[in-house]
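One letter stands for each residue in the lines below.
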Amino acid sequence: MREPMAARMRPFTSTIFAEMSALALRTGAINLGQGFPDTDGPPSLLADVAANVTGGVNQYPPGPGIPELRTAVAEHQRRFYGQEVDPERVLITTGATEAIASAILALCEPGDEVVTFQPYYDSYAATIALAGATLRAVPLRPGPSGSPTFAFDPDELCAAFSARTRVVLVNTPHNPTGTVLDREQLTLIGQLAVESDAVIVADEVYEHMLYDGREHVPMATLPGLADRTLTISSAGKTFSVTGWKVGWVHGPAELLASVRAAKQFLTYVSGAPFQPAIANALALPDSFYDDLASGLQGKRDLLSAGLRAAGLTVYPSSGTYFVVTDVAPLGVADGVEFCWRLPDLVGVAAVPVSVFCADPDLGRTLVRFAFCKRDEVLAEAVARLANLRKALAA
Ligand code: PMP
Ligand code: GLN
């Protein structure tokens, strides 16, 4: 019999999130691996969806998404970033994941190159492979001591671009490192995209999760970039409903038409009862958005302090749900093996960063922890992690 799976899919048979969540469930560990909150989103949003389901909003919505939600996304961009977006140029997708996949599938010819940073969100590599495109992953590395923030080397970034570059896929705030790329870094990425005539796909799903007063700068708002940028976000993150899988993408007409062409044959549409409810939620007052960020900032501080006290090196997180640590100071040489043992050692689950790298040596001893959990859950995780040194020595 022939190989049951196409060669390009073989490296992607399972995801670390599924593996670590299953391990956490099996062992009863606190799951700080997969990034999902353990509380529900705003009550008004939940009530709206319930009313829509019982009120008959259950059939196929229009292909591009319902007009109310597309308008609400456009208004959100104006309200937070002063960006003018035509609702006609907004496409509602099945999570940000489908928006990313549709963009890559629609834009790339086999052999085209996609520049992104590593570590990267795991769907990037799989989607690029599905499209038959080639991944060019530029390392984000922690800076020299005194500047422990992850950053790229501008020379390495320049070297990754070529005439074959079709897309640069930029994620800020960045999963898994918690890095927020600054205006200067984004400007360089933009310049290189212009020079190579590449499309920028900006994955901004963590746009409302920035800490310590940092501000999100959407790529599309930088001078000269709007006409080559597709911007992606998702209700899953902003409203703590990761299981709903409603996302969106907007950008210039021709690029968006390409994305729509691919999207309509992936899922066609989804999320009928969610869409009107999310439209309402996007208009929630500033206090909702402020509380989301300040709540998560406190959780980041709680978990980061606990991880530091447990003996791990903690790289400060400026955004997202995540904090990256180095477990080398504990005498551990391999993060993957460590994450498989961690639930048994102390009853906590995490994910190894090397699985998000094209070059696994880059993140060999790095481990990601999610802090989007209730404070009491984080406090219990911290108490358990306090036993880590002893457990490793036993
Ligand atoms: N991009 C990044 C960087 C993410 O962390 C996630 C969340 N899992 C996604 C995209 C996918 O978002 P969604 O669940 O809306 O598909
Ligand atoms: N985005 C979340 C994370 O990085 C979950 C992703 C997933 O389960 N596919 O943990």
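Note that the structure is a prediction, hence the values are computed from the model and not measured. (Residues numbered from 1 in each chain as written. Chains lettered and ligands numbered in written order. Predicted model: local features only at pLDDT ≥ 70, side-chain atom pairs only at ≥ 80, totals over all residues. Heavy atoms only, no water.)

### Overview of the nonpolar core
One finds Leu230, Phe369 and Leu388 to be the most contacted residues of the largest nonpolar core, which totals 70 residues. Here the element with the most residues in this core is helix α4 (residues 95-107); it accounts for six residues. When residues no more than four places from it in sequence are discounted, the contact partners of Phe369 are Leu32, Leu303, Leu307, Leu312, Tyr321, Phe322, Val323, Thr325, Leu342, Val348, Ala350 and Leu385. If you look at the next biggest cluster of nonpolar residues, it comprises 29 residues, including Phe161, Leu192, Leu222 and Val324. (Core = buried A, V, L, I, M, F, W, Y, C linked by side-chain atoms within 4.5 Å. Buried < 20%, exposed > 50% of the residue type's maximum accessible area, 1.4 Å probe, protein only. Helix = DSSP H or I, 4+ residues; strand = E, 2+ residues; numbered from the N terminus. Contact = heavy atoms within 4.5 Å.)

### A look at the site of ligand 2
Inspection of the region around ligand 2 gives Phe17, Gln34, Gly35, Tyr121, Asn175, Tyr206, Lys237, Phe322 and Arg368 as its neighbouring residues. Tyr121 has a polar side-chain atom sitting 3.3 Å from a nitrogen atom of ligand 2. Protein burial of ligand 2: of its 300 Å² of free accessible surface, 82% is covered by the chains. Per-class residue counts for the shell around ligand 2 are four nonpolar, three polar and two charged. (Near = heavy atom within 4 Å. Polar contact = N/O pair within 3.5 Å; in protein donor to acceptor, adjacent residues only side chain to side chain. Areas by Shrake-Rupley, 256 points an atom, 1.4 Å probe, with all protein chains shown as cover. Nonpolar A, V, L, I, M, F, W, Y, C, P; charged D, E, K, R; others polar.)

### What to know about the sheet that holds strand β9 (residues 229-234)
Ordered in space as β2-β10-β9-β8-β7-β3-β4, the seven strands form an open sheet in which the pairing is mixed. Only two strands of the sheet have a single neighbouring strand rather than two, namely β2 (90-93) and β4 (134-139). Strand-to-strand twist of the sheet, defined as the mean angle between neighbouring strand axes without regard to direction, takes the value 20°. Examined bridge by bridge, β2 and strand β10 (residues 247-250) share four bridges and lie antiparallel to one another. Bridge assignment links Thr93 to a residue of β10, and that residue is Gly247. Together, β2 and β10 form the strand contacts of helix α3 (residues 67-81), whose direction differs from that of β2 by roughly 115°. Running at roughly 150° to β4, helix α5 (residues 122-130) makes contact with β3 (113-118), β4, β7 (165-171) and β8 (199-203) of the sheet. (Pairing = 2+ DSSP bridges. Axes fitted to C-alpha atoms, helices over the stretch in contact; angles between N-to-C directions.)

### Digging into the site of ligand 1
Near ligand 1 there are 13 residues, and of these Thr97, Asp203, Tyr206, Ser234 and Lys237 occur at the shortest range. The side chain of Asn175 places a nitrogen or oxygen atom 2.8 Å from an oxygen atom of ligand 1. Among the elements that line the shell around ligand 1, the one with the most residues is α4, at four residues. Grouping the amino acids of the shell around ligand 1 by side-chain chemistry returns five nonpolar, five polar and three charged.

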